[in-house]
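Take a look at the letters that make up each chain.
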Amino acid sequence: MKERIDELLKLSREIGRAEHRMAILGEGNTSAKLGADEFAVKASGSNLGTLTETDVTVCRTHPLLALFNKKSMPDLDMEMALLDSRVNKQAKKPSIEALFHAWLLSLEGVNFIGHSHPVTCNQILCSPRALDFVEHRMFPDEVVCCGPKSVFVPYVDPGLPLAREIRDRTLAYIKEEQSPPRLILLQNHGVIALGASPAAVLACLLMAEKAGAIFIGAASMGGPHFLAAASVERIAGRPDEHYRQRQLKMT
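Residues numbered from 1 in each chain as written. Predicted model: local features only at pLDDT ≥ 70, side-chain atom pairs only at ≥ 80, totals over all residues. Heavy atoms only, no water.

## Points about helix α8 (residues 160-177)
Formally: Under the scheme used here, helices are H or I runs from DSSP no shorter than 4 residues and strands are E runs no shorter than 2 residues, and both carry numbers assigned from the N terminus. In this analysis, the expected span of each helix is defined as 1.5 Å times one less than the number of residues it contains. The rule is simple: take the accessible area with a 1.4 Å probe, protein chains only, and divide by the maximum for that residue type; under 20% is buried, over 50% is exposed, in between is partly exposed. Between two residues, a contact is recorded if the distance between any of their heavy atoms is within 4.5 Å.
Here α8 is 18 residues long and its end C-alpha atoms lie 25 Å apart, about the 26 Å a rise of 1.5 Å per residue gives. Listed in full, the buried residues belonging to α8 are Leu160, Leu162, Ala163, Arg164, Ile166, Arg167, Thr170 and Tyr173. Among the structural elements, α3 (75-84), α4 (98-104), β5 (151-153), β6 (183-186) and β7 (190-195) are those in contact with the buried residues of α8. Backbone geometry just after α8 places glutamine 178 at a positive phi near 65°.

What follows is the structure, encoded as structure tokens:
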């Protein structure tokens, strides 16, 4: 457990580095699977760039997953449910977004999650062209690090409504693609990267931000020109790209 939390702290601080422009102040959150019914998540209001072990809260998974079956939940009841999920009752309150972390970490092969609010990606996700960015790829490394396409979640308020929408749209993606996504894009909100390792999550977030910058630049010149679907499929399935993913510790 200690090793996994140390990995989570290192990932969090990297995401929170000022030059990456992915999270400032208390923005964003991260999590790591610790076992079948436990995960670690950033505490509410903590800063990713300066995260310490006391800013990470270990929660039980199943009590939070049980909340998905409730039709609605008053804010105070949600606060109590989050506090009750803590393994250590003296730990800080987990982020409200611990709900979607709990569900996403239950997916096969997902051990780490990074959620951030990158400036460049959000310029697109707050624009009318958000779906263009979600549904297409522009260059090979975007396919390798972010997957052949992303999950798109229309704006929903954080908490149980957002967690449910993420679950439903991710399940639809898995049904179509036969594997979990690498990247989830939240309209007017931010991005979520899923991975087997911290390296996979960080690579996805950094490449998504690079892709956002390329998209905006290409759009200023009448584009972007997107890769053909057949090219995306071929890149996603190439053995040399799978080898490169292993070398980068993404799988």
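Once the structure has been displayed, the description carries forward.
## A look at unusual backbone geometry
Put simply, glycine 223 and proline 224 share a cis peptide bond, and its omega is 0°. Relative to the helices and strands, proline 224 is located in the loop between α9 (198-219) and α10 (229-237). Positive phi, normally seen in glycine, also occurs at glutamine 178, with a value near 65°. On the secondary structure map, glutamine 178 appears in the loop between α8 and β6. By relative accessible area, glutamine 178 is classed as exposed at 64%. Of note, the phi angle at asparagine 188 is positive, near 55°, even though the residue is not glycine. According to the relative accessible area criterion, asparagine 188 is partly exposed, its value standing at 42%.

## Some thoughts on the sheet that holds strand β3 (residues 56-60)
Note the following rule: In this analysis, strands are considered paired if DSSP registers two or more bridges between them. For helices, the fitted line uses only the C-alpha atoms of the stretch in contact; every axis is such a line through C-alpha atoms, and the angle between N-to-C directions lies from 0 to 180 degrees.
The strand order across the open sheet built from 7 strands is β3-β2-β1-β4-β7-β6-β5, with neighbouring strands paired in mixed fashion. On the outer flanks of this sheet lie β3 and β5, each paired with one strand and no other. Adjacent strand axes in the sheet meet at a mean angle of 20° when their direction is disregarded. Summarising the sheet, strand β2 (residues 38-42) and β3 pair through 5 bridges and their orientation is antiparallel.

In short, shape yes, function no, at least from these values alone.
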